[in-house]
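# Close look at the chain arrangement
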Amino acid sequence: MRGRMLHIGREGTLVSQDYGVHGETFSVKVIGLTGEITTAKADLIVGCDGAFSAVRNSLMRHIRLDFSQEYIPHGYCELNIPAKIGANGEAEFAMDPNHLHIWPRHKFMMIALPNPDKSFTVTLFMPFANFEQIRTEADLLKFFDKYFTDAVELMGKEHLVKDYFKNPKGSLVMIKANPYHLKNRCIILGDAAHSMVPFYGQGMNCGFEDVRILDELLTEFGVKATLDEENDRALTLALQAYTDRRAKDIKSICQLALYNYTEMRHGVTSPMYLARKKIESWLHLLVPTKIIPLYTMVSFSNRPYSEAYARHHRQGWWLGVASTALGLGTAAGLAFAGWTQRRRFGEARDVLKAAMVSAAGSVQKLIQ
């Protein structure tokens, strides 16, 4: 999957946006998992039991563990775009399967991801207040006809109505905890330690990274599979190092995930956003070690989330400089055009004013 496919406006005009500057894609998938439920005693308990973790709840009774749980005002409902039947009678994708499809509608959005059976899993994200306004089949079809006309054609009205009223309206929760361990006896990883909203697609990746970093620290501190005093000390130090290193990264990715929801449902439609992304791509190609897009740092490298987040803000200065130069250059060009074609000066003056406002905004960001 190489990027996003935006469905803009009521008729769903398609606009593709690549994820990576160099055409990076995600090319690895999980093909199966196995497991069983067991009861056991252990010298070290590793809790990976999800957002509503029983291990974390037990841990809170033994240490001063900071914990927060926050629901955002938006929920979700899963829908479906079925496979279409091609001329040869075989199932085909109804849309390009190499994109995450997004219908950005500012205050809410809908996304679609391809499945192996050629269907798409569709998720509608919007405030619960909007869900509560849709009570009948007529309400639903009126809403979708207004905001997602092209999607209705892909889903089929009967299929849409059936899925919407059958499927639950889920909540979106953010959970943070710190510290993640108790001496050398227990540690929590994955959603048990950090549950984030799904909009950066990093929840599972972050959990896998937890395991990688813990494994590196166990090796660094020389932890062995033995029960003795020296190994207990090494394990205590390794788990403490994990909490110290990981806490700032978890805070950063939770913030990024929430921010990306605003970007997906609103920012991607903004001309200023598109211009900034284009400038960022150009600068990355010109000075690849100085300017690196945030998405590239987060999704296509092992750079710590906190470092990527901090670097993204530092790079804002250079992007501000480039945006200012672009705004001032545009203003100068429009002024020249207005001067040489005076009969159209009124029109040029209005566009010049808009360009100068844009440039002034960029300058203000630089000063701040």
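Residues numbered from 1 in each chain as written. Predicted model: local features only at pLDDT ≥ 70, side-chain atom pairs only at ≥ 80, totals over all residues. Heavy atoms only, no water.

In the nomenclature of an unreviewed UniProt entry, the protein chain corresponds to FAD-binding domain-containing protein from the organism Lunasporangiospora selenospora.

Before going further, it helps to spend a moment on unusual backbone geometry. Along the chain, N178 connects to P179 via a cis peptide bond; the corresponding omega equals 5°. Backbone geometry places H106, a non-glycine residue, at a positive phi of 70°. With respect to the helices and strands, the residue H106 is situated in the loop between β7 (99–104) and β8 (109–114). Exposure remark for H106: the relative accessible area of 41% places this residue in the partly exposed category. A positive phi angle, close to 75°, is found at K118, a residue other than glycine. (Helix = DSSP H or I, 4+ residues; strand = E, 2+ residues; numbered from the N terminus. Buried < 20%, exposed > 50% of the residue type's maximum accessible area, 1.4 Å probe, protein only.)

With that out of the way, let us pick up the packing of helix α6 (residues 203–220) against helix α7 (residues 229–265). Here α6 crosses α7 at 150°, and the two axes come no closer than 9 Å. Put simply, α6 runs roughly antiparallel to α7. Pair α6 / α7 crosses with right-handed handedness. Of α7, the residues touching α6 (which contributes C206, E209, D210, I213, L214, E216, L217, L218 and E220) are L235, A238, L239, A241, Y242, R245, R246, I250 and I253. Split into classes, the residues belonging to the contact of α6 with α7 amount to 12 nonpolar, no polar and six charged. (Axes fitted to C-alpha atoms, helices over the stretch in contact; angles between N-to-C directions. Parallel < 35°, antiparallel > 145°, perpendicular 65-115°, else oblique. Left-handed = near helix turned anticlockwise from the far one by under 90°. Contact = heavy atoms within 4.5 Å. Nonpolar A, V, L, I, M, F, W, Y, C, P; charged D, E, K, R; others polar.)

With respect to topology, eight strands assemble into an open sheet ordered β2-β1-β7-β8-β9-β4-β10-β13, the strand pairing being mixed. Edge strands, defined here as strands with exactly one partner in the open sheet, are β2 (13–18) and β13 (194–195). Where strand β1 (residues 3–8) meets β7, four bridges bridge the pair, whose relative direction is parallel. Within β7, the residue paired with G3 across the bridge is H99. Lying on the sheet, α7 is in contact with β1, β4 (66–81), β7, β8, β9 (120–127), β10 (170–178) and β13; it crosses β10 at an angle near 155°. (Pairing = 2+ DSSP bridges.)

One open sheet holds the three strands; their spatial order is β3-β12-β11, and the pairing between them is mixed. Both edges of this open sheet fall to β3 (45–47) and β11 (181–182), since each of them pairs with a single strand only.

A separate point is the confidence of the model for the protein chain. Residues at a pLDDT of 70 or more form 80% of the protein chain, whose mean pLDDT is 84. This stretch, residues 359–368, has a pLDDT under 50; its non-local contacts, to residues over four places away or in other chains, come to 11 contacts. (pLDDT = per-residue confidence, 0-100.)

A word on the packing of aromatic side chains. If you walk through the whole model with that rule in mind, you get 19 aromatic pairs. Plain terms: the ring middles of Y180 and Y242 are 6.0 Å apart, the flat faces sit at 70° to each other, and that makes the pair edge-to-face. Placement of Y180 in the loop between β10 and β11 and of Y242 in helix α7 is noted, with a sequence separation of 62 residues between them. Aromatic ring contacts, followed pair by pair, group F108, F143, F144, Y147 and F148 into a single cluster. Taking NZ or CZ as reference, K169 lies 4.4 Å from the ring centre of Y164, over its face. (Phe/Tyr/Trp six-rings, centres within 6.5 Å; stacked < 30°, edge-to-face > 60°. Lys NZ or Arg CZ within 6 Å of the ring centre and 35° of its normal.)

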